[in-house]
Structures are given as structure tokens and as C-alpha cells.
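# A closer look at the structure
Next come the chains, spelled out residue by residue.
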Amino acid sequence: MSIFEYNGCALVAMVGKNCFAIASDRRLGVQLQTIATDFQKIYKIHEKLFIGLSGLATDAQTLYQRLVFRHKLYELREERDMKPETFASLVSALLYEKRFGPYFCQPVIAGLGDEDKPFICTMDSIGAKELAKDFVVAGTASESLYGACESMFKPDMEPEELFETISQALLSSVDRDCLSGWGGHVYVVTPTEVTERILKGRMD
Amino acid sequence: MESVFGLVGKDFAIVAADSSAVHSILVHKTNEDKIMLLDSHKLMGASGETGDRAQFTEYIQKNVALYQFRNGIPLTTAAAANFTRGELATALRKNPYMVNIIMAGHDKDVGPSLYFIDYIASLHKLDKAAFGYGSYFALSMMDRHYRKDMTVEEAIDLVDKVIMEIRSRLVVAPPNFVIKIVDKDGAREYAWRESIKDAPVPAV
């Protein structure tokens, strides 16, 4: 079995009208065995920047700790939060540093940049950035997610409709993947507030 | 194969482990203690490669003691768990420790807590956890019978149910188990569940 499929994950981020949503499943498994159904895969870097880390859980935790360290230092020096584009470059650099012994992670980065313009991107495990204007996906359920997002996505959705769309795309995709699921975790971020919701899906 | 499992109760946490030391087809001893007391209020049950288990748990125990000597206050359970994960993660790409750990502790402010730490350094805080072939039976029994805020009697009853399942359903079932408990009064051995007694070693 692939090392990327050891723990199981599904991640998706979508752009709306002056807002974005990022969602993940909640399963932590060790191959066929489910260990936990409340495992966090999306982390907040600052109020307007979130990163989801799919792939091997241990590397996701290590990478997250390194990124928080780097961002906190940046905040102390620059006295401001990092822009999403800059943060994406930082993640890419950290991943490429380990080019010949990589972190087995695929990040999904979502944030509000200058003038609160939504920014999303994903990259592979060695830091090849993929910017998108509509949605990005990662994880063991990524193929199902591509299909679900492509058919359900519309540009310029309001936060409530965006939440519904991303939730349906996530839940329908993880139901076709045995390694991810056990509910969903959705963050909808607008310039003024962050809404966090837990989804109840098929608990299997 | 070694079984370790643990659960959190009303104001305590319990960790149980089998106590056979096996080398290929030979059973060296059946009263090996695999649950180490890290300090007055922490337990660490470990399973995996015998040498790694003994060395790594002792290393963590001594470092937890060192922190207390240097700083005058003991580590919290969360801090000890994260320290352990850090050590496993650093060693992972050099010389990995093949040790799975269930760490339980009691803190005055937080109460009892249980941490699952994989041999590849995946960390998660849980109410019930198990490792080894016995985990297939332990997790299922605990999923069925575990409730939040159980009393010590109810929890030990559940632990005994799990032990009975492992003994009757696992083909190379370990005969003996040790159970340790940690609560506000500290960490201590609770009981042994023995079906085979080793011949006592005469004093020299």
C-alpha cells in the first residue's frame, strides 16, 4: 500500500464571492483500522489563512509545527500576518528542501489576500504549486472530489451556498473512499468572520 | 504479538498490557512489565521491538525526570506526549524506534487524559486506544461497552472483558496481563491477571 494511503484523508477548498471554504474528513486510520473519528487536518495559521495537510499524519503534524514556528517568527519580525501567496511559497520551499527524502504530505492552502481576495492552492509532496481559481482537492478521495467539485461548483457563490456545495461535494466523495470519512469539518471564511461546522455523514 | 490498550474513566485513566516476552517461538518470561511509570502521575504502556521498547521508554522516563529537576515543576501529560512524539519523529528518518505507545496521565487542571502515539510518531488524544493484534478485539469491545465517566469498577470490568476476548480469540494469546491506573492520587499498579505463573527466581 502507498505511504500516502496509510492514514487516509480527504481535503477540498473552494472559492466563493469574497470568501472561501476549506473542508476535510475526520478519520484517522492505520491502514484498514480506524483509530479516531475526530482527527484535525485543517489548521489555522492566522484569521485569514488556513492550511489542510493530507497524507501521512506524522508528517502532517511535523510540517504543521515547522510552519507555525516559521509564521510566528515572521509575525514577530514583520509585525503583520503572512499573505497567502507568500505562505504558499514558504510551504513549497520547506517541502522542496526535503526533495530526496520528502514529507509524505499534500497541502491545501486557502486564504484571503490583499483586499480580501480569496486565494487557494495545492501542491504535491515536493512543493510543486498548483494555483486554481475555483477549487483544489487532495487526499485519498481526490479523484472522487475532482468529479464532485467539477459538477457542483459555480463561481461567485455566497458563503451559505458555498458551505452547502463544499459539504455535499465532500460527503459524496468520501462515501466512495474507504480510507476517509467519519464526518466532515468545514471552515467558511469571509473578511469579517470564520464559521466552523462539523458535518455528520455516513459513519463508516 | 504484544497487546496494549487503555481507556479514560471519570477521574482516572487505565492502561493494560500483556506481559509475555517472546523471541520467535520461545517465551522468555510471562511477567514482563511493559507499562512504565514516567513520574508520579504518568504511565506509558509500550509495545513493539523489545530492545527499542525498553531503551526508549527509559529514555523518556529519564528526560521527564530531568525536566522536573531543571525546572522545579513536572511536565503536563500533553507536554510529555508531545515530547515523546518529537523524539520519535526526529529518529524516524534516521534510526526509527519501532515502539507504539499509549501514554496516560492525570493533571490537576485537565483531569485524566490518554494519548495514542504510533511508531511513526502520529499523535492523537483519545478516550480509548489499543495496539497490536489484540487491538482488533480491544477496540471492538470498548466501542460496544465504553461510556464516558465510568467508575473504576466499571472500567476494570471492561478491561477484564477485553482480556477475556484476547485470551479466547487470539491464536497466540498472551496468558498474563498487567493493569495500571493513574488518578489524582498518582500512578500505580492496579492488578495482574495471570493464568500462568512463572517459577520464582531464587535469590542468589
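The name given to chain B in an unreviewed UniProt entry is Proteasome subunit beta, and the organism recorded there is Olea europaea subsp. europaea.

For chain A, the name recorded in an unreviewed UniProt entry is Proteasome subunit beta, with Olea europaea subsp. europaea as its organism. Per UniProt, chain A has the following entry under Subunit (unreviewed entry): "Component of the proteasome complex."

### Describing the environment of Ile-14 of chain B
Residues and elements named next belong to chain B. Relative to the helices and strands, Ile-14 resides in strand 2 (residues 12–18). Residue Ile-14 is classed as buried on the basis of its relative accessible area of 1%. Between the C-alpha atom of Ile-14 and that of Ala-187, which follows or precedes it by 173 residues, the distance is 9.5 Å.

### A look at the confidence of the model for chain B
The share of residues in chain B with pLDDT of 70 or more is 99%, and the mean pLDDT across the chain is 94. Here the complex is predicted with pTM 0.94, and the ipTM for its interfaces comes to 0.92.

### Some remarks on the pattern of salt bridges
Residues and elements named next belong to chain B. One pass over the full model with this rule turns up 23 salt bridges over all chains. Between Asp-160 and Arg-193 there is a salt bridge, with its nearest N and O atoms 2.6 Å apart. Pair noted here: Asp-160 is in helix 4 (residues 152–169) and Arg-193 is in strand 12 (residues 186–193), with a separation of 33 residues, a long-range link. Here Arg-193 falls in the partly exposed class, since its relative accessible area comes to 23%. Each of Glu-2, Asp-18, Lys-29, Glu-32, Lys-34 and Arg-53 takes part in a single network of salt bridges with overlapping partners.

### With respect to the interface of chain A and chain B
The interface is formed by 21 residues belonging to chain A together with 17 residues belonging to chain B. Between chain A and chain B lies a buried interface of about 1,400 Å² when both sides are counted; carbon and sulfur atoms form 48% of it. Of all residues in chain A, the largest losses of buried area upon contact with chain B belong to Gln-33, Ile-35 and Thr-58 of chain A, amounting jointly to 35% of the total for that side. Between chain A and chain B we count one salt bridge in total. Between Arg-93 of chain B and Asp-59 of chain A there is a salt bridge, and its shortest N-O distance comes to 2.9 Å. Inspection of the chain A/chain B interface yields nine residue pairs in polar contact (both at pLDDT 80 or more). Those elements giving two or more residues to the side of chain A that touches chain B turn out to be strand 3 (28–30), strand 4 (33–36) and helix 1 (57–78) of chain A. By residue number, the principal contributor to the side of chain A that touches chain B is helix 1 of chain A, which donates six residues. Taken together, the residues of the side of chain A that touches chain B break down into 12 nonpolar, seven polar and two charged.

### As for a negative patch on the surface
Taken together, the side chains of Asp-156, Glu-158, Glu-160 and Glu-193 of chain A define an acidic patch exposed on the protein surface. Among the secondary structure elements, Asp-156 of chain A is positioned in the loop between helix 3 (142–152) and helix 4 (159–174).

### Describing empty space enclosed by the protein
To find leftover empty space, a probe the size of one water molecule is rolled over the atoms. Residues and elements named next belong to chain A. As enumerated under the stated definition, the model contains one cavity of 30 Å³ or more in all. For the largest cavity, the calculated volume is near 70 Å³. Lining the largest cavity we find 15 residues, and of these Phe-39, Lys-41, Leu-53, Gly-55 and Ala-57 sit closest to its centre. Broken down by secondary-structure element, the contributors of at least two residues to the lining of the largest cavity are strand 6 (49–55) and helix 1. Among the elements that make up the lining of the largest cavity, the one with the highest residue count is strand 6 (three residues). Taken together, the residues of the lining of the largest cavity sort by class into eight nonpolar, five polar and two charged.

### Quick look at the nonpolar core
Counting 45 residues, the largest nonpolar core has Phe-5, Leu-7, Ile-14, Val-15, Met-142, Val-159 and Val-162 of chain B as the members making the most contacts within it. A per-element tally of this core places helix 4 of chain B first, with seven residues. Each residue touching Val-15 of chain B, except ones within four places of it in the same chain, is listed here: Val-4, Phe-5, Gly-6, Ile-35, Leu-43, Gly-45, Ile-102, Ala-104, Leu-114, Val-178, Ile-179 and Lys-180 of chain B. Val-12, Ala-141, Phe-153 and Leu-171 of chain A belong to the second largest nonpolar core, which has 24 residues in total.

### Quick look at helix 4 of chain A
Residue and element names in this part refer to chain A. The first and last C-alpha atoms of helix 4 sit 22 Å apart over 16 residues, in line with the 22 Å expected at 1.5 Å per residue. For helix 4, the complete set of buried residues consists of Pro-159, Leu-162, Phe-163, Thr-165, Ile-166, Ser-167, Ala-169, Leu-170, Leu-171, Ser-173 and Val-174. Elements in contact with the buried residues of helix 4: strand 1 (10–15), strand 2 (20–25), helix 3, strand 11 (184–189) and strand 12 (194–199).

### With respect to a nonpolar patch on the surface
A contiguous nonpolar surface patch, about 500 Å² in accessible area, is contributed by Leu-32 of chain A together with Met-1, Tyr-133 and Tyr-136 of chain B. Mapped onto the fold, Tyr-133 of chain B is located in the loop between strand 10 (128–131) and helix 3 (135–145).

### Observations concerning the side chain of Arg-85 of chain B
One can find Arg-85 of chain B in helix 2 (residues 77–92). In this structure, Arg-85 of chain B is buried with no salt-bridge partner, the nearest side chain bearing the opposite charge being Asp-59 of chain A at 6.9 Å. A polar contact is formed between the side chain of Arg-85 of chain B and the backbone oxygen of Thr-58 of chain A, at a distance of 3.3 Å. Setting aside chain neighbours within four positions, we find Arg-85 of chain B in contact with Thr-58, Gln-61, Thr-62 and Gln-65 of chain A together with Ile-117, Ala-121 and Leu-123 of chain B.

### Some points on the packing of aromatic side chains
Scanning all chains against the criterion turns up eight aromatic pairs over all chains. Note on Tyr-43 of chain A and Tyr-64 of chain A: the rings are 4.0 Å apart at their centroids and 15° apart in plane angle, and the pair reads as stacked. Residue Tyr-43 of chain A is located in strand 5 (residues 42–46), and its partner Tyr-64 of chain A is located in helix 1; the two are separated by 21 residues in the primary sequence. Its relative accessible area of 9% is what places Tyr-43 of chain A among the buried residues. In this structure Tyr-64 of chain A comes out as partly exposed when scored by relative accessible area, which is 24%. With 4.5 Å between their ring centres and 40° between their planes, Phe-56 of chain B and Tyr-97 of chain B make a pair best called tilted. You can see Phe-56 of chain B sitting in helix 1 (residues 50–71) and its partner Tyr-97 of chain B sitting in the loop between helix 2 and strand 7 (99–107), a full 41 residues away along the chain. By the ring-pair criterion, three or more aromatic residues cluster together here, those being Phe-20, Phe-50 and Tyr-187 of chain A. Here the guanidinium or amino end of Arg-197 of chain A rests over the ring plane of Phe-163 of chain A, the centre of that ring lying 4.1 Å away.

Procedures and definitions
- Residues numbered from 1 in each chain as written.
- Chains lettered and ligands numbered in written order.
- Predicted model: local features only at pLDDT ≥ 70, side-chain atom pairs only at ≥ 80, totals over all residues.
- Heavy atoms only, no water.
- UniProt positions renumbered as here; feature names shortened; annotations may be inferred.
- Helix = DSSP H or I, 4+ residues; strand = E, 2+ residues; numbered from the N terminus.
- Buried < 20%, exposed > 50% of the residue type's maximum accessible area, 1.4 Å probe, protein only.
- pLDDT = per-residue confidence, 0-100.
- Salt bridge = Lys/Arg side-chain N within 4 Å of Asp/Glu carboxyl O.
- Contact = heavy atoms within 4.5 Å.
- Buried area = accessible area lost by both parts, 1.4 Å probe.
- Polar contact = N/O pair within 3.5 Å; in protein donor to acceptor, adjacent residues only side chain to side chain.
- Nonpolar A, V, L, I, M, F, W, Y, C, P; charged D, E, K, R; others polar.
- Patch = residues over 30% accessible without salt bridge, like charges linked within 9 Å, V, L, I, M, F, W, Y side chains within 5 Å.
- Areas by Shrake-Rupley, 256 points an atom, 1.4 Å probe, with all protein chains shown as cover.
- Lys, Arg positive; Asp, Glu negative; His and termini not counted.
- Charge placed at Lys NZ, Arg CZ, Asp CG, Glu CD.
- 1 Å grid on protein atoms, 1.4 Å probe; cavity = no way out; pocket = protein on both sides within 12 Å on 5 of 7 lines; lining within 4 Å.
- Points joined across faces, edges and corners; volume = space filled by probe spheres on them.
- Core = buried A, V, L, I, M, F, W, Y, C linked by side-chain atoms within 4.5 Å.
- Expected span 1.5 Å × (residues − 1).
- Phe/Tyr/Trp six-rings, centres within 6.5 Å; stacked < 30°, edge-to-face > 60°.
- Lys NZ or Arg CZ within 6 Å of the ring centre and 35° of its normal.

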